[in-house]
Structure formats: C-alpha cells, structure tokens
Amino acid sequence: MAERDLTRTPGFSRQWCREGSGRVGLALLVVVSVVLVSLSLGKVVLTPAALWAAWGAPSTPAGMIVTELRLPRIVLAALVGGALGLSGWLLQQVMRNPLASPDIIGVTSGASAAAVGYMALLGAGSGMQWLPVAAVAGAIATALGIYRLAWQGGVTPIRLVLMGIGASATLGALTMLALVLSPLTTTLSAYVWLTGSVYGAHWGTVRTLAGCCALLLMVLVPLMRHVPLAPLNDALATGLGVRVQRLRAMVLALAATLAGVAIAWGGAFAFVGLVAPHLARLVCRRPGLSQGVLAVLIGSTLVMLADLLGRTLFLPLDLPAGIFVAAIGAPFFLGLLLREVR
Amino acid sequence: MTRLVMMLVLLLASLWLSLMAGAVWYGPSTVGHALLSASPTDVQGLVIRTTRVPRTLVALVAGACLAVAGGVMQTLTRNPLASPGLLGVNAGALFVMVMLVSLWPGAGVSLWYGGAFAGAALAALLVWAVAMRGQASGGPLKLVLAGAAITALFTSFSQAMLVIDQQGLDTVLFWLAGSVAGRPLAEVTPLMGVALVALFACRPLARSMNVLAAGEAIARGVGVGVARLQLLMVVLVILLAGSSVAMAGNIAFVGLIVPHIARRLLPVDHRIWLAGCALMGATLLLLADVIGRTVILPREIPIGVMTALIGAPLFITLVRRQGGGHGRA
C-alpha cells in the first residue's frame, strides 16, 4: 500500500497518494523545462539571459518573437496535447480496452470528415473561423451515432469499438471523396490539417480553446470519483454504487467533445490519445486522479516536443507537428501491441 | 454448382457493362466491333481499347484478388472479420509505396510495385505475430482492434510523407483513394501475372484449407503440415493484397464483405467458396467502378470510396447481428 497524506478541512477532505503526487510534480518539471527550451530555440536562438530580457520587454523584436509567436504556439500545443491525452485516458478507462483512443473509435475521423467537407464546400478561404465549430459538431455527432449503433439493451465496450471502426471507415471514405473532388490547393491545406499542426497560433485561438477545456473539466470533476472504478467488471462496479451505463455514456460524450475541441483547433493529431495514457500508466500504476493528470501532462509534452522538432529540425521548413507525433508514437505503439494484445 | 455458373454469368454481364458505360455510352455491337477489329482510324474502338479495356481488367483482377485474400485470411485467422483492409495489410502496402514515390520519384513503377509487396509483407507479419499471441486467450475481436491500430499507424505515416513531399500528392492521391482508371496496360501486366498465379495457387491448397478450417488439431491429426500450410497462406495473402494495392490502390471492404456473401450462397468448401469469392469480388468491383464513373459526370467517384460507402454499413450490420461478444473485451 502506498503512503498516504490526508488533507482535512471542514469543507474539503482528500487522501493524497504520495507516490502519485510526486510523479505528477516530476512531470510538471518536465513540462516547464520543455516550455523553456521551446521558447529559446527556433530560427532565432535565445540564451537564457536573452530570453529573460525578452520576457521583460515585449515590444522589442526578441520580445515579439517570444510573447507573440512562440508562446501562443507552445500553449496551443500543450492544450491540444493535454486534451487529447485526457480524452484517450478517459476512453481507455471506460472502454476497458488498452487500444481505445479517439482515433480508433472514430471521433477523430468524424471531426476530420466534417472539417474537410466544410473546407471543400467553402474553398480554403472565407469563413474559416467557423471550421472548428464544424469539427466539434462532427466529433460529437459521430460519438452519438456510434453509441446509438452499439446500443442493444446496453452498450458493451467492444461493440462500441467495433462500431467506431465501421464509422471510421465510412467517414474516411467521405473525407477522401471531398479531398478528391476539391481543387488541389484545398487538398493540400486539408492534408496539413489532417496531419495536425499548430502553425500560426495566436492568443485568440488559445483563449477560446482554453475556455472550452476549462468548461469541460468542470463537467468532468463530479464524474471523476467514479472513473477509476470503470475498468472493473460491470457487476462489481454496479455493486460499488456506479451507474455503469450512465457513466459510460457521459464519459464517452465528454471524451468525444474534448477530442473534438482539441482537433478543431490543432488538426487531426493521431496517436497522442493512444500513447499518452499508456505512458501515464507506466509512470503511475494506480488508477486515479494522478494517473489522469499524468496523461494530460504527457500528452502536452508529446505535442510540444513534436512541434519543437517540426519547426527546428528542417529549418527553414516548418513541418506539421503531427508528423513527429507519429514518429515518436509509432515505435512505442508497436511494442505495446506485441506486449499487450494477448 | 449452378450458383457458381450464375455468378460467372453475372460477372460476364458486368464485364460487358463496364466496357459500355462511361462518359459516352457505347452499344454492345460497337464494343464487340472494337474488340475484334483493331483499326487505327476507328476513334470509338480506340477509346474502348485504350481506356475501358485496361480499367475493366484492373477492376476484374483487383476485385478477385481482394475477395480471395479476405477469404484466405478469414480461414487462416479463424476470424470472420479478417480482411486485408481491416487488418492493415492494404495500408502497409500503400505506405511503403507512398514512401518510395516521395523518396525516389524517378525510380519508376517496378520499384514502387515491389514496395507494395514489401509493405504488405511487413503488415501481414505484424498481424500474424499479434494473431499468434492472441490465440491463447484473446477473443477474435482483439485481432480486429489490433488491425485497426496497425491501419491507423500506416495511414498516419502515409499522410506524413505526403505533407513533406507535396509534389508527390498528385501522383499518389490516386492510390490513396483507390482507383482503377488510367493505368496503362503495359504497366500493370506483370502485376496481373503475379495476381493470376496467386489466385490459381489457391486451388491446390483448397483441400487442406478445408481441413484447417475444422481446427488445427484435427488438421494435424489427419496429416496436414499446418505450419507449412499457414505460411503458404500468408504468402498468398501478401501476393494478392500487394498486387491489388499496386494496381488499384486502397480499396476497402471488398475483402471483408464478399466472403460473407459467398458463405451465405455457397457450400463451405474452399474449392467452391474461394472460386465464388473471386467471381463475386470481381463483379462487385466492376459494378462499383461503373457507378463511380457514371453518377457525377464529368467527375468520378474513386472506387475505394464507392466500396467503403457500400461496405461499411454492411460491416456494421454484420457486427450488430453477431452481438459482439457480451462483456468480453
């Protein structure tokens, strides 16, 4: 049994797992250091002293680079990665399946189909500010549709996943249709979006995304008590006082929305939602709050690192972060597949 | 046997339809005339011989390959949901091909085609490794999930290659969406050779496959070399899926749906069943192509999109009917 600390005041009472909290602290340190490194690297390399000076004077050229170009991009990457990591963790908990993730159950392809369809209809020009709305709507609609299709007097996780695969294929075909029928310029920008990129982020998008994430987290907090019980079998969880079907439906909706929001502003990043929760589980075995927080932090780190590589490795090219997420995630994922699918 | 003959008749009818249909419809007599007499001044005959005949042949062979590959995989993995599309073999072939096209654009088609076989082999080995490990305890659904993950892996790699090399996009979009149009006959002839050899190689193995379908232990008991047979089947799947991807790109769901329909209509004897798969797969792809190139003129719906739009709802129905295993994850 891990060591526990207790916090007790009249309005609030909680047990803290010392091991989990320690590792969350470590992960936070990693996140902060990745942020600092990303801030100082790029076409213009800043020393720590120069970085500090730039931070103090936002109107100088270096200050502009740091506060208006790099920081919003880094924060956007962190938010997108964190939201995807959390979404994947929630899905893996309630689906009881280590391979469940927003990409595989079709939420990502729903958002993609909606967004690419939107681009194809309007051309990659006017009205792009509504693209995220289309993507979120697509993600939520897909999640609802999959849930409805899998419902046969209750929903079992595996049927949900299989319906997700079927829906994924259909939506992928529709996306491809839209791509082939639209002009090549639209196709190119759609492909960059499909790969996932945080290029050209500014504070406006960051604020909107942060607001959405905060709202969703508020919905999650009251559910959080039951989420760690979801991996138990249905009968046992019911016995412990969880309304299993309701929890599954709510968490699925929440995870889909979370992924949809992240994808809407960052593009269809693959693998973050799959890999981040697994790494979190490796770091902290005990299911619970600290594992969820770790999934968020690891997801953020993954996308921030990928974006750092994408914009520094092939200067002057600025490659989409999604490529590097796949490159980091894929080898890990293959090992996982051979180890866990037994 | 009568049903097999009916399928053959249906195939021939759709073959003829595929030669007639398109932006301009030709009558049956024009088609017959064009095929029999090759006069260089006859424009209609030229159109038929240089565009319609190649795409019809590609659809024919690719459809047969995919359906038979699906049937062989379903017997091999003892999993009714196995198919080259769903388990990632097609995606693997596609990825290696896309990679070669972007890294060596001048290398020519034979290298790219070789890449398709290599990619199919890579993905098939991966799936096989997972399947072998899964047999002890995991349900058949886990294999499908693993396949979906392998597909996602290769697809995201292909997308990444395309974003890096945007010039290649135009060349490659055709394979990504799946299409049987515009392949010069000389280019695909070697692939067709490989495909036909693989298709006919299924015939002598069919008897052993029947025994294998009854169970590995039984097969071993009556003296079938199970390991050797399984290896041969994997090789067949690689050849079939690889050549169909190299010819026609990413075509989804033919390999999954056709064996199921054939199982409803034909006796479960691999000698007849696989033949039925080949006939019906070819018919399905020919008809999908005819629809794809006639409904939204002057554009075309890529054939891979057509088959996914037909096949995915069928897949969902299939899973719903099976009940999907209660609580087993």
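Residues numbered from 1 in each chain as written. Chains lettered and ligands numbered in written order. Predicted model: local features only at pLDDT ≥ 70, side-chain atom pairs only at ≥ 80, totals over all residues.

For chain B, an unreviewed UniProt entry supplies the name Iron ABC transporter permease and the organism Larsenimonas rhizosphaerae. Per UniProt, chain B has the following entry under Sequence similarities (unreviewed entry): "Belongs to the binding-protein-dependent transport system permease family. FecCD subfamily." Under the Subcellular location (unreviewed entry) heading, UniProt states for chain B: "Cell membrane". (UniProt positions renumbered as here; feature names shortened; annotations may be inferred.)

Asks: Would you explain the overall build of chain A in this entry?
Replies: A tally of regular secondary structure across chain A gives 13 helices and two strands. What you see for chain A is a C-alpha radius of gyration of 20 Å, in line with the 20 Å of a compact globule of 342 residues. Dimensions of chain A, computed from the C-alpha atoms along their principal axes, are close to 60 × 55 × 40 Å. In chain A, which comprises 342 residues, the share counted as buried stands at 51%. Restricting the contact set of chain A to residue pairs at least 6 apart, pairs at least 24 apart contribute 75%. (Helix = DSSP H or I, 4+ residues; strand = E, 2+ residues; numbered from the N terminus. Rg over C-alpha atoms; globule rule 2.2 N^0.38 Å. Buried ≥ 20, exposed ≤ 12 C-beta atoms within 10 Å, placed from the backbone. Contact = placed C-beta atoms within 7 Å.)

Asks: Please explain the confidence of the model for chain B as it appears in this structure.
Replies: Keep in mind that low pLDDT regions are not for reading the predicted coordinates in detail. All names here are of chain B. For chain B, the average pLDDT comes to 83, and 93% of its residues sit at 70 or higher. Helix H7 (residues 168-177) is the least confidently modelled element of chain B, averaging 73 in pLDDT, while helix H12 (residues 270-294) averages 92, the highest of any element. Confidence metrics for the complex model read pTM 0.79 and ipTM 0.73. (pLDDT = per-residue confidence, 0-100.)

Asks: Looking at this structure, how should I read the packing of helix H4 (residues 107-122) of chain A against helix H10 (residues 244-266) of chain A?
Replies: How two helices pack is summed up by the angle between their axes together with the distance between the axes. All names here are of chain A. Remark: H4 packs on H10, axes separated minimally by 9 Å, with the N-to-C direction vectors making an angle of 45°. When the interaxial angle is binned, H4 and H10 end up oblique. Both H4 and H10 take part in a crossing whose hand is right-handed. Contact residues: H4 offers Val107, Thr108 and Ala111, while H10 offers Ala256, Ala259, Gly260, Ile263 and Ala264. Looking at the contact of H4 with H10, its residues break down into six nonpolar, two polar and no charged. (Axes fitted to C-alpha atoms, helices over the stretch in contact; angles between N-to-C directions. Parallel < 35°, antiparallel > 145°, perpendicular 65-115°, else oblique. Left-handed = near helix turned anticlockwise from the far one by under 90°. Nonpolar A, V, L, I, M, F, W, Y, C, P; charged D, E, K, R; others polar.)

Asks: Looking at this model, I keep getting lost on the nonpolar core. Mind explaining?
Replies: The tendency in soluble globular proteins is for nonpolar side chains to be buried as a group. Within the largest apolar cluster, 224 residues are counted, with the highest numbers of intra-cluster contacts made by Val80 and Val325 of chain A together with Ala62, Val68, Met97, Ala120 and Val237 of chain B. Not counting the four nearest positions on each side in its chain, alanine 62 of chain B is found in contact with Val180, Ser244, Met247, Ala248, Ile251 and Leu285 of chain B. (Core = buried A, V, L, I, M, F, W, Y, C linked by C-beta atoms within 7 Å.)

Asks: Whenever I open this one, the environment of alanine 124 of chain B confuses me. Can you help?
Replies: Residues and elements named next belong to chain B. Structurally, alanine 124 can be placed in helix H5 (residues 109-134). Taking C-alpha positions, alanine 124 is 9.3 Å from asparagine 90, a pair spaced 34 residues apart along the chain. The residues touching alanine 124, leaving out its near neighbours within four places in the chain, are Val89, Val234, Val237 and Ile238.

Asks: I would appreciate a short explanation of helix H8 (residues 185-213) of chain B in the present structure.
Replies: One full turn of an α-helix is made of 3.6 residues, so residues set three or four places apart face in the same direction. Residues and elements named next belong to chain B. Largest kink in H8: about 55°, centred on leucine 205. Among the residues of H8, those classed as buried are Val188, Leu191, Ala195, Ala198, Leu199, Cys202, Ser208, Met209 and Leu212. Looking one or two residues beyond H8, the residue adopting positive phi is glycine 215, at roughly 135°. (Bend = angle between axes of the 7 residues up to and from the residue.)

Asks: I'm lost on the UniProt feature "transmembrane region" (unreviewed entry) in chain B in this one. Help?
Replies: Residues and elements named next belong to chain B. Listed under "transmembrane region" (unreviewed entry) in the UniProt record, and renumbered for this structure, are residues 53-73, 85-105, 111-131, 143-164, 184-206, 273-295 and 301-319. In the segment residues 85-105, helix accounts for 71% and strand for 0%; the C-alpha atoms at its two ends are 26 Å apart. Across residues 301-319, the secondary structure splits into 89% helix and 0% strand, with the terminal C-alpha atoms separated by 27 Å.

Asks: How do you make sense of the confidence of the model for chain A when you look at a structure like this?
Replies: Mean pLDDT over chain A stands at 80; residues scoring 70 or higher make up 93%. In the model of chain A, strand E2 (residues 12-17) of chain A stands out as the element of lowest mean pLDDT, 68, in contrast to helix H12 (residues 289-312) of chain A, which has the highest, 88.

Asks: When you look at unusual backbone geometry in this model, what are you seeing that I'm missing?
Replies: Across residues other than glycine, the phi torsion is negative in most instances, and most of the peptide bonds are trans. Even without being glycine, phenylalanine 253 of chain B reaches a positive phi, approximately 75°. Tracing the backbone through its elements, the reader meets phenylalanine 253 of chain B in the loop between helix H10 (226-248) and helix H11 (254-265).

Asks: Before we go on, may I ask you to explain the environment of glycine 92 of chain B in this structure?
Replies: Residue and element names in this part refer to chain B. Turning to its location among the elements, glycine 92 is positioned in helix H4 (residues 89-103). Counting along the chain gives 59 residues from glycine 92 to threonine 151, while the straight-line C-alpha distance between them is 7.4 Å. Excluding residues that lie within four positions of it along the chain, glycine 92 makes contacts with Gly119, Ala120, Leu122, Ala123 and Phe154.

Asks: Is there a simple way to explain the packing of helix H3 (residues 61-95) of chain A against helix H8 (residues 203-223) of chain A in this structure?
Replies: Residue and element names in this part refer to chain A. As a packed pair, H3 and H8 sit with axes 9 Å apart at the nearest point and diverge in direction by 25°. In terms of orientation, H3 lies roughly parallel with respect to H8. For H3 against H8, the interelement crossing comes out left-handed. Side by side, H3 and H8 meet where Pro72, Val75, Leu76, Leu79 and Ala83 of the first sit next to Trp203, Thr205, Val206, Leu209, Ala210 and Cys213 of the second.

Asks: Would you explain the environment of methionine 97 of chain B in this entry?
Replies: Residue and element names in this part refer to chain B. Within the secondary structure, methionine 97 is located in helix H4. You can call methionine 97 buried: it has 29 C-beta atoms within 10 Å. Distance from methionine 97 to isoleucine 251, taken between C-alpha atoms, is 15 Å for residues 154 residues apart in sequence. Aside from chain neighbours lying at most four places away, what touches methionine 97 is Trp112, Gly115, Ala116, Gly119, Trp175 and Ala246.

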